[in-house]
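Single-letter residue listing:
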Amino acid sequence: MASLPTRVPIPANGVDYRNKIVLAPMVRSGELPSRLLALKYGADLVWGPETIDKALIGTTRSINPRTQTVDFTRVSSNGLKNPALSLDQRESLIYRLHPAREGKNLIYQIGTSNPVTAVAAAKLIAGDVAGIDVNAGCPKPFSTSGGMGAALLKTPDTLCSILRALVAEVGEPFKIGISVKIRLLETPEETETLVRSLCATGITGLTIHCRTTPMRPRQRAIREQLRMIGQVCKESGVACLMNGDVTSRTDGLASAEEYGVDGAMIATAAETNPSCFREEGVLAWQEVVKEYVRTSLEVENRFGNTKYLLGQMVPGKAPEYKRMMAAKSFTELVHSLGYETEKDFVDMAKGVDEVLELGSFAKPVLSKAEKKRLNKAAAVLDVENARTNESVDKSDVSNVRKRTAEVAELDLPHDALREMGPGSVNGQASVLAV
């Protein structure tokens, strides 16, 4: 009797990718409301959008009492340059997740080119997710120019070192799985060599996007190498997901069985209608859009992101489309979609507009001259404070008193102390979240 192939053990807080149909990591389309809606309609797991390691390093983790979400925020680079802004205005939301509604089903995808920064970032969020996935397939310049994404396919030693570091320093202590998403290389032989190397790093899962790096989404996915990739993963005990032209749960399950892989990842089809995860088939766009708007309001999603996704879901020829695209607040959005008679929608929209300062709650926009004047005044104040501190320091010289290191540290500005703290990064570090 033939023995069953061994499997890489799934950590206690991790999740097995086998027999799963999952939401792909997508820029803009993978934010919190999209993930929650995919789970509602039957997705087994959801990937968040790729977030660059340096964007997460230095963030502050907090619980949002209004939305019950976990928010990772930091002062934006623009905020650092603009002292006229209040702290709230200077703060940027880098990542938001909902522990009760998605925590056990959420895979955090990281953009990285360095094992040290990858580990530092992953440790910050590992306790809130079911796994960490390394993006080694994004072909966009914002990723590849920094040696991340598909650029890692050209530096397999670096990619393997990142995965090994994550497995040892994040996966094992936090008891979650580490995985990787790649694209096809130019030849089956090159792809096989890469997959064997990746499977030897200790990862629990591998997703193969069935296109090469130069290929665009409109080009048909190449599936001829899938059986070979699935077999290599199976020999190593690593779960293998396929990605590329998967349109529904039924299609994903059938394709996975046909090509001998463990599951499938849906991207474009889920962006247009996330009910594609339903076993019973897709719902009408009107029903899906209404649920999406409700979910966006519940988690106070960015208005621009909400509107972008609705632009993918609402047919361009529908009368609602033009009205929706003209909306500048959630209140206007609710009216444009015909929900103005539903009090819960109207009340939620008004509340979120107030929080996000949209529509009638928007603060007056400062002119360039006003901004320049405020910034100049703030700069002058900084100079005056610096001179005052300098004069105080000079007067202290005459008072010959020994000061311990601890006393000296207490005299440091709070900002300086914070910059010296664990996880702090230079203010110019990239905060690009994709």
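All figures in this text were calculated on a predicted structure; none of them were measured in a lab.

## A look at the overall build of the chain
1) Next: Helix and strand counts for the chain stand at 20 helices and 12 strands.
2) Next: By residue count, 46% of the 434 residues in the chain fall in the buried class.
3) Next: Long-range pairs, those at least 24 residues apart, make up 68% of the contacts in the chain with a sequence separation of at least 6.

## Focus: the pairing of strand β12 (residues 263-266)
Working note: regular strand, side chains alternate between the two faces of the sheet.
1) Next: Residues of β12 alternate between two faces, with Gly263 and Met265 on one and Ala264 and Ile266 on the opposite face, all of them buried.
2) Next: When strand β1 (residues 20-23) meets β12, the two strands line up parallel, connected through four bridges. Paired with leucine 23 across the bridge in β12 is isoleucine 266.
3) Next: Running through helix α11 (residues 249-259), the crossover from strand β11 (residues 239-243) to the neighbouring parallel element β12 is right-handed.

## Things to note about the pattern of salt bridges
1) Next: The tally for this structure, following the rule as stated, stands at 16 salt bridges.
2) Next: For arginine 61, the salt bridge goes to aspartate 128, with nearest N and O atoms at 2.8 Å. Note that arginine 61 is positioned in strand β4 (residues 60-64) and aspartate 128 in the loop between α6 (115-125) and β8 (131-136), a separation of 67 residues in sequence.
3) Next: Owing to a relative accessible area of 43%, arginine 61 belongs among the partly exposed residues under this scheme.
4) Next: The class for aspartate 128 is buried, based on a relative accessible area of 14%.
5) Next: A salt bridge links arginine 196 to glutamate 235, with the nearest nitrogen and oxygen atoms 3.3 Å apart.

## A closer look at helix α14 (residues 303-313)
1) Next: Across the 11 residues that make up α14, a large majority, eight, are buried.
2) Next: Every buried residue belonging to α14 is among Phe303, Asn305, Thr306, Lys307, Leu309, Leu310, Gly311 and Met313, and all of these are buried.
3) Next: Summarising the contacts, the buried residues of α14 are in contact with α1 (32-40), α12 (268-272), α13 (285-298), α15 (319-326) and α16 (330-336).

## Concerning helix α17 (residues 343-356)
1) Next: In this model, α17 (14 residues) spans 20 Å end to end at C-alpha, consistent with the 20 Å of a helix rising 1.5 Å per residue.
2) Next: Here α17 has its buried residues at Phe345, Ala349, Val352 and Asp353. Along the axis of α17, the buried residues cluster in a sector spanning 105°; they form a single face. Facing away from the buried side of α17 by over 90 degrees, the exposed positions are Lys343 and Lys350.
3) Next: Taken together, the buried residues of α17 touch α13 and α16.

## Examining the sheet that holds β4
Through backbone hydrogen bonds, the strands of a sheet pair up, either in parallel or in antiparallel fashion.
1) Next: Pairing is antiparallel in the open sheet, where three strands are placed in the order β4-β5-β6. The outermost strands of the open sheet, each flanked by one partner alone, are β4 and β6 (91-97). Here the average twist between neighbouring strands, direction ignored, is 35°.
2) Next: Looking at chain direction, β4 and strand β5 (residues 69-75) are connected through five bridges and run antiparallel. Of the residues in β5, the one forming a bridge with serine 62 is aspartate 71.

## Observations regarding the environment of lysine 343
1) Next: Tracing the sequence through the fold places lysine 343 in helix α17.
2) Next: In terms of polar contacts, lysine 343 uses its side chain to reach the side chain of aspartate 347, at 2.5 Å.

## A closer look at unusual backbone geometry
1) Next: Of note in this structure, lysine 175 is not a glycine but carries a positive phi near 60°.
2) Next: For lysine 175, a relative accessible area of 44% corresponds to the partly exposed category.

## Regarding the side chain of serine 275
1) Next: Within the fold, serine 275 resides in the loop between α12 and α13.
2) Next: On the basis of relative accessible area, serine 275 is assigned to the buried category, the value being 0%.
3) Next: Reaching out from serine 275, the side chain makes a polar contact with the side chain of asparagine 273 at a distance of 2.5 Å.
4) Next: Apart from the residues within four sequence positions on either side, serine 275 is in contact with Tyr41, Gly281, Val282, Leu283 and Val288.

## Some details on the packing of helix α8 (residues 156-174) against helix α9 (residues 188-199)
1) Next: The N-to-C vectors of α8 and α9 enclose an angle of 25°; their axes lie 9 Å apart at closest approach. As judged from the angle between their axes, α8 and α9 are roughly parallel. Between α8 and α9 the crossing geometry is right-handed. Between α8, through Pro156, Leu159, Cys160 and Leu163, and α9, the contact on the second element is made entirely by Leu194, Ser197 and Leu198.
2) Next: Classifying every residue of the contact of α8 with α9 gives six nonpolar, one polar and no charged.

## Points about the pairing of strand β9 (residues 177-184)
1) Next: Counted residue by residue, β9 has eight buried out of eight residues, so it is predominantly covered.
2) Next: In the classification by handedness, the crossover that spans β9, the intervening α9 and the parallel strand β10 (residues 205-212) is right-handed.

## Some thoughts on the nonpolar core
1) Next: Counting 83 residues, the largest nonpolar core has Ile132, Val180, Ile182, Leu198 and Leu206 as the members making the most contacts within it.
2) Next: Broken down by element, this core gets its largest block of residues, eight residues, from α8.
3) Next: Those residues in contact with leucine 206 that sit more than four places away from it in its chain are Val180, Ile182, Val195, Leu198, Ile229, Cys233, Val238, Ala239, Cys240 and Leu241.
4) Next: The next biggest cluster of nonpolar side chains, apart from the first, holds 25 residues, and it includes Leu297, Ala327, Phe345 and Ala349.

## So, the side chain of aspartate 353
1) Next: Take aspartate 353: it is sitting in helix α17.
2) Next: One buried charged residue, aspartate 353, forms no salt bridge at all, with the nearest opposite charge on lysine 350 at 9.6 Å.

## Focus on the packing of aromatic side chains
1) Next: In this structure the tally under the stated criterion is four aromatic pairs.
2) Next: When the ring of phenylalanine 303 is compared with that of phenylalanine 330, the centres are 5.1 Å apart and the planes differ by 80°; the resulting orientation is edge-to-face. With phenylalanine 303 in helix α14 and phenylalanine 330 in helix α16, the pair connects residues that are 27 residues apart, well separated along the chain. As far as the burial class goes, phenylalanine 303 and phenylalanine 330 line up, both buried.
3) Next: Directly above the ring of tyrosine 308 sits arginine 28, whose terminal nitrogen or CZ lies 3.9 Å from the centroid.

Conventions used here
Residues numbered from 1 in each chain as written. Predicted model: local features only at pLDDT ≥ 70, side-chain atom pairs only at ≥ 80, totals over all residues. Heavy atoms only, no water. Helix = DSSP H or I, 4+ residues; strand = E, 2+ residues; numbered from the N terminus. Buried < 20%, exposed > 50% of the residue type's maximum accessible area, 1.4 Å probe, protein only. Contact = heavy atoms within 4.5 Å. Pairing = 2+ DSSP bridges. Right-handed = clockwise from strand over helix to strand, strands pointing away. Salt bridge = Lys/Arg side-chain N within 4 Å of Asp/Glu carboxyl O. Expected span 1.5 Å × (residues − 1). Arc of directions from axis to C-beta. Axes fitted to C-alpha atoms, helices over the stretch in contact; angles between N-to-C directions. Polar contact = N/O pair within 3.5 Å; in protein donor to acceptor, adjacent residues only side chain to side chain. Parallel < 35°, antiparallel > 145°, perpendicular 65-115°, else oblique. Left-handed = near helix turned anticlockwise from the far one by under 90°. Nonpolar A, V, L, I, M, F, W, Y, C, P; charged D, E, K, R; others polar. Core = buried A, V, L, I, M, F, W, Y, C linked by side-chain atoms within 4.5 Å. Lys, Arg positive; Asp, Glu negative; His and termini not counted. Phe/Tyr/Trp six-rings, centres within 6.5 Å; stacked < 30°, edge-to-face > 60°. Lys NZ or Arg CZ within 6 Å of the ring centre and 35° of its normal.

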